[in-house]
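Listed below are the residues making up each chain.
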Amino acid sequence: MDLEEHIRLWNLASIRIWDVRHRVLRAGEQVNAYRLPVSGFLYTIRGSAAVTLDGTTYAVDKMQVLHGGKGVCLDISLTDNHFEYYIILYRANLSLSGSREIQTILRQHAPFHVQYAFVPSDPVDLYDKVQKIDQYWRLTDEFAKFQVKTLFYQFINELMRQLSMQDIQTAKPNLVAQAIRYLHENYALPIMVEPLAELLDCSAGHLSRIFKKETGSSLITYLTRIRMDKAKELLLRTDASLQEIAEGIGIPDVIYFNRLFKKQVGVSPGRFKQVCISLPGSQDITIGRSELSIVRHKLRAYNPTDDDNHYQYKREGDLRTLMKSRQSVTMLLILSLTLLLAACSSSQNTSPASGSGQNGSAQPTAVAQSTEQPAVQERVIKHAWGETVIKGEPKHIISLFPAATDYLLALGIVPQAASSNEEGSDRFPTYLSDQLEGKMNLGWQVDPNFESILATDPDLIIGQDFMGDAYESLSKIAPTLLAEKVKDEQGVIRMKTSLLKMGEMLGRTEQAKQVIEEYEKKAAKAREKIKQAIGDETVMFLRLSDKEVRYYSKRNYEVLYDDLALTPPSSIPDPAESMQIISMESLPSINPDHIFLLSSDPEETSELQKTAVWKSLKAVKNNHVYIVDYGLWFQGPGGPIGQSKIIDEAVHWLTQ
């Protein structure tokens with residue numbers, strides 16, 4: 001533990017006491033899976049117990065201190081007749097204006113989130129402060145609240161002093177392990193990434209990225225597998241109805257459950273149960289133990305790239321696990337043959353009612369000729385991820401990312417379902433919403449949610465190029481094309497080249513060329529207007545995100561710096577990088593004439609605008625700061641519709 005850095009962050013943080021609790025556990029009582037709502041200290045004063053924080057167990061005897069961050073799972077099992085302890089729950093925040101150095105220290109050391117336990121060298125001093133904190137917490141007047149905060153700082157001061165005399169090992173919270181445990185314990189509840197990330201005190205994007213990196217699967221895909229495993233167990237071990245099973249695993253729509261089960265397992269729930277029940281008892285037990293145990297002692301990471309884990313996306317189903325006996329295989333072959341013979345017999349014996357007097361032998365030939373359909377036309381599209389076969393004209397097209405939706409709409413194709421504007425949102429990008437009115441919202445799909453995609457029953461999926469890892473799984477749901485954002489040799493994303501490539505894949509090259517021609521005319525007129533209004537004054541694009549100031553390069557904003565020929569500050573990041581995180585203190589050295597400011601959090605923007613550094617900027621003093629819409633200015637670049645509307649807004653602000 002780097003105490004110097006910890007103390008530095010404690011000194012800068014704004015602390016709020018969330019709750020203080022005093023509890024005595026008696027024989028037979030325990031604490032099971034209590035998840036800390038915020039960071040907290042556990043101070044034990046009497047008795048002994050096994051205290052577990054996120055799977056790490058500490059043998060606690062008498063006076064000890066334990067610490068865990070928000071989302072940590074607490075379990076307490078007594079090893080004595082009683083166990084007495086205090087919990088002090090608190091929330092710590094650092095202001096936006098903290099330097100980049102401070103933000104780096106916070107990420108590296110995270111004193112408010114790390115997990116540790118130690119035996120204090122002077123437990124009585126700490127006990128005295130904790131007892132007084134609890135005493136004042138029970139009072140309601142303002143002076144008592146002030147006393148609680150004062151005593152808490154004294155507690156931290158004494159704690160740091162005693163920690164400095166010991167070599168304490170800390171452990172950063174394992175967010176993925178916490179999330180997996182939560183999924184196993186709460187699979188029957190409605191679960192979304194955003195609320196779970198809030199519970200674990202991190203951003204939804206960060207949780208999604210590290211979850212997929214460590215498990216190889218998106219969080220929702222992992223949850224779906226848990227639910228399907230539980231459904232298999234209930235089908236084999238109980239007489240519950242399909243409705244009861246669907247509700248029990250968190251999918252109350254039994255029709256959707258039935259379809260999802262069949263898509264992922266390969267057979268319907270009823271057929272699954274029929275085949276498995278017909279197996280010898282020993283095989284049935286083996287299946288139950290190996291595949292259907294949900295709450296395991298050791299959680300196993302799920303990797304969708306493994307062959308054994310691909311069965312849930314195979315349309316034809318993989319019944320190797322189910323049909324291990326020759327008896328079962330024989331039963332299925334007999335059933336299939338019976339159905340085939342019945343179908344053939346039905347087609348041969350069926351003839352239209354007729355009074356023509358023709359004999360029966362000629363009738364089947366006439367029927368075959370009258371019902372013959374023209375062959376369905378197929379197109380084979382070659383692209384970076386392989387070949388996609390499209391049969392006929394797709395009617396139910398879905399889009400998994402705003403830029404892909406932009407391409408489709410620009411080419412005259414309106415998807416039946418599309419992704420949302422951002423994480424945690426159920427709205428389409430603002431600049432596309434009028435063209436998507438009445439269409440289904442798929443939610444945020446950076447890590448494709450196969451469950452929601454399956455539910456739309458698409459015949460063509462349009463994704464974005466960064467979804468390459470999911471391409472194989474998506475293709476097993478429906479033919480899939482990934483729109484590419486094509487970069488030039490400098491790393492700048494070129495919208496026109498990207499649109500042409502998408503137009504070629506969809507057989508709409510001429511429409512793409514027409515869109516580009518109209519776009520170039522618009523950009524030329526706008527460029528001239530802006531040049532007359534501001535000349536060579538510099539323009540900067542900034543974004544506030546998670547208390548970071550992000551300085552964007554030309555990579556995503558060719559519309560500003562190439563199409564409109566705006567003059568960037570001399571320090572603009574290299575287009576090989578999308579952006580740089582900069583400190584507030586560095587803004588005066590850049591000091592642009594105009595700033596386009598993007599923030600999805602009004603409170604964050606307000607906090608920034610109050611700082612002296614911000615008020616000193618030339619653009620701020622001249623009222624040349626323009627608060628832009630997230631849906632357009634963050635999702636729009638790279639798409640022809642988005643960039644056209646950005647041009648309109650840039651002309652409006654820079655020429656007023």
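Quick note: structure is the one above.
Predicted model, so just to flag it, every value in this text is computed and none were measured.

**Student:** For this particular structure, what's the right way to read the overall build of the protein chain?
**Tutor:** Across its full length, the protein chain holds 26 helices and 19 strands. Going through the 656 residues of the protein chain one by one, you find that 48% of them count as buried. In the protein chain, 70% of the contacts between residues at least 6 apart in sequence involve partners at least 24 apart. As displayed, the protein chain has an accessible area near 31,900 Å², and 50% of this comes from carbon and sulfur atoms.

**Student:** Just checking my understanding: could you explain the pattern of salt bridges for this structure?
**Tutor:** A side chain with one charge can pair with a side chain of the opposite charge if their charged atoms come near. Throughout the structure, instances matching the rule amount to 22 salt bridges. Of the charged contacts, one joins lysine 132 and aspartate 128 as a salt bridge, the two residues approaching to 3.5 Å between their closest N and O atoms. Pair noted here: lysine 132 and aspartate 128 are both in helix α3 (residues 123–137), with a separation of 4 residues, about one helical turn. Residue class for lysine 132 comes out partly exposed when judged on its relative accessible area of 35%. In this structure aspartate 128 comes out as partly exposed when scored by relative accessible area, which is 31%. Of the charged contacts in the structure, one is a salt bridge between lysine 391 and glutamate 378, with a shortest N-O distance of 4.0 Å. Highlighted residues: lysine 391 in strand β9 (residues 386–391) and glutamate 378 in strand β8 (residues 378–383), separated in sequence by 13 residues. Among the residues examined, lysine 391 registers a relative accessible area of 57% and is labelled exposed. Residues joined in a network through salt bridges with shared partners are Asp488, Arg494, Lys554, Glu558 and Asp562.

**Student:** Looking at this model, I keep getting lost on the sheet that holds strand β16 (residues 548–552). Mind explaining?
**Tutor:** Adjacent strands of a sheet form backbone hydrogen bonds with each other and so pair up, either parallel or antiparallel. Spatial strand order, β17-β16-β15-β18-β19: 5 strands in an open sheet with mixed pairing. Each end of this open sheet is capped by a strand with a single partner; those strands are β17 (579–582) and β19 (625–628). On average, each strand axis in the sheet is tilted by 30° relative to the strand beside it, whichever way the strands run.

**Student:** What's the story with the sheet that holds strand β12 (residues 440–441) in this structure? I'm lost.
**Tutor:** The sheet built from 5 strands is open, its strands ordered β12-β11-β10-β13-β14 with parallel pairing. What marks the edges here is a single partner per strand, and that holds for β12 and β14 (480–483). Alignment of strand β13 (residues 460–464) against β14, held across 4 bridges, turns out to be parallel. Note that in β14 the partner of glycine 463 across the bridge is leucine 482.

**Student:** I tried to follow α3 on my own but got confused; where do I start?
**Tutor:** It helps to recall that an α-helix has 3.6 residues per turn; residues three or four apart then point in one direction. For α3, built from 15 residues, the straight-helix expectation of 21 Å at 1.5 Å per residue is met to within 8% by its first-to-last C-alpha distance of 21 Å. Residues Leu126, Lys129, Val130, Ile133 and Asp134 constitute the buried set of α3. Taken around the axis of α3, the buried residues stretch over an arc of 135°, which confines them to a single face.

**Student:** Even after reading the chapter, I still don't get the packing of helix α5 (residues 175–186) against helix α8 (residues 219–237), so can you show me in this structure?
**Tutor:** Geometrically, a packed helix pair is captured by the angle between its two axes and the distance between the axes. Between α5 and α8, whose axes approach to 10 Å, the crossing angle comes to 35°. Taken as a pair, α5 and α8 cross one another with a handedness that is right-handed. Here α5 contributes Ala179, Ile180, Leu183 and His184 to the contact with α8, which in turn contributes Leu219, Tyr222, Leu223 and Ile226. For the contact of α5 with α8, a count of residues per class yields 7 nonpolar, 1 polar and no charged.

**Student:** Help me understand the packing of aromatic side chains in this model?
**Tutor:** Given two aromatic rings, one states the distance between the centres and the angle between the planes to describe the pair. Under the definition given, this model contains 24 aromatic pairs. A centroid spacing of 6.1 Å and a plane angle of 10° characterise the contact between phenylalanine 541 and tryptophan 633, whose relative ring orientation is stacked. Within this pair, whereas phenylalanine 541 is found in strand β15 (residues 539–545), its partner tryptophan 633 is found in helix α25 (residues 630–633), the two being separated by 92 residues in sequence. By relative accessible area, tryptophan 633 is classed as buried at 0%. Feature note: the residues Phe541, Tyr552, Tyr557, Phe596, Tyr626, Tyr630, Trp633, Phe634 and Trp653 constitute an aromatic cluster, connected by ring pairs. Between the NZ or CZ atom of arginine 543 and the centre of the ring of phenylalanine 634, over which it lies, the distance is 4.2 Å.

**Student:** It is not clear to me how the pairing of β8 should be interpreted in this structure. Could you clarify?
**Tutor:** A regular strand places its side chains so that they alternate between the two faces of the sheet. As defined by bridge partners, β8 adjoins β9 across 6 bridges and the pair is classed as antiparallel. Within β9, the position partnered with isoleucine 381 by the bridge is threonine 388. Connecting β8 to the next strand, β9, in antiparallel fashion are 2 residues.

**Student:** Sorry if this is basic, but what is going on with unusual backbone geometry here?
**Tutor:** Leave glycine aside and you will find that most residues have negative phi; peptide bonds, for their part, are mostly trans. A positive phi angle is found at alanine 33, which is not glycine, with a value near 50°. Residue position: alanine 33 is located in strand β2 (residues 30–35). For alanine 33, a relative accessible area of 32% puts it in the partly exposed group. Not every positive phi belongs to a glycine, and alanine 565 is a case in point at roughly 55°. Structurally, the position occupied by alanine 565 is in the loop between α20 (558–563) and β17. Alanine 565 sits in the partly exposed class, given a relative accessible area of 41%.

**Student:** How do you make sense of helix α10 (residues 254–265) when you look at a structure like this?
**Tutor:** Compared with the 16 Å implied by 1.5 Å per residue over 12 residues, the 16 Å span of α10 between its first and last C-alpha is a close match. Among all positions of α10, only Tyr256, Phe257, Leu260, Phe261, Gln264 and Val265 are buried. On an axial view of α10, the arc spanned by its buried residues comes to 135°, and they lie on one face. With its phi angle positive at about 105°, glycine 266 sits one or two positions after the end of α10.

**Student:** In this structure, what is going on with the nonpolar core? I would like to understand it.
**Tutor:** Proteins that are soluble and globular tend to have nonpolar side chains buried together. Core analysis: the biggest nonpolar cluster contains 71 residues, and Phe541, Leu542, Leu560, Leu566 and Phe596 have the highest contact counts within it. With 8 residues, the top contributor of residues to this core is helix α19 (residues 509–534). Every residue in contact with phenylalanine 541, bar those within four places of it in the chain, is listed here: Arg550, Tyr551, Tyr552, Tyr557, Leu560, Tyr561, Phe596, Leu598, Val628 and Trp633.

**Student:** Where do I start with the side chain of lysine 129 in this structure?
**Tutor:** As for its position among the elements, lysine 129 is in helix α3. A distance of 2.5 Å separates the side chain of lysine 129 from the side chain of aspartate 125, its partner in a polar contact. In contact with lysine 129, not counting residues within four places along its chain, are Gln154, Phe155 and Glu158.

**Student:** Please explain the environment of isoleucine 210 as it appears in this structure.
**Tutor:** In this fold, isoleucine 210 is placed in helix α7 (residues 204–215). Along the chain, isoleucine 210 and valine 176 lie 34 residues apart, while their C-alpha atoms are 7.0 Å from each other. Residues contacting isoleucine 210, with those up to four places away along its chain left out, are Leu175 and Val176.

**Student:** Any chance you could explain the environment of leucine 89 here in plain terms?
**Tutor:** If you trace the backbone, leucine 89 turns up in strand β6 (residues 73–93). C-alpha of leucine 89 to C-alpha of valine 20: the two residues are 69 residues apart in sequence and 6.2 Å apart in space. Discounting chain neighbours no more than four positions away, the residues touching leucine 89 are Ile17, Trp18, Asp19, Arg21, Tyr34, Leu36, Pro37, Val38, Ser39 and Gly40.

What counts and what doesn't
- Residues numbered from 1 in each chain as written.
- Predicted model: local features only at pLDDT ≥ 70, side-chain atom pairs only at ≥ 80, totals over all residues.
- Heavy atoms only, no water.
- Helix = DSSP H or I, 4+ residues; strand = E, 2+ residues; numbered from the N terminus.
- Buried < 20%, exposed > 50% of the residue type's maximum accessible area, 1.4 Å probe, protein only.
- Contact = heavy atoms within 4.5 Å.
- Areas by Shrake-Rupley, 256 points an atom, 1.4 Å probe, with all protein chains shown as cover.
- Salt bridge = Lys/Arg side-chain N within 4 Å of Asp/Glu carboxyl O.
- Pairing = 2+ DSSP bridges.
- Axes fitted to C-alpha atoms, helices over the stretch in contact; angles between N-to-C directions.
- Expected span 1.5 Å × (residues − 1).
- Arc of directions from axis to C-beta.
- Left-handed = near helix turned anticlockwise from the far one by under 90°.
- Nonpolar A, V, L, I, M, F, W, Y, C, P; charged D, E, K, R; others polar.
- Phe/Tyr/Trp six-rings, centres within 6.5 Å; stacked < 30°, edge-to-face > 60°.
- Lys NZ or Arg CZ within 6 Å of the ring centre and 35° of its normal.
- Core = buried A, V, L, I, M, F, W, Y, C linked by side-chain atoms within 4.5 Å.
- Polar contact = N/O pair within 3.5 Å; in protein donor to acceptor, adjacent residues only side chain to side chain.

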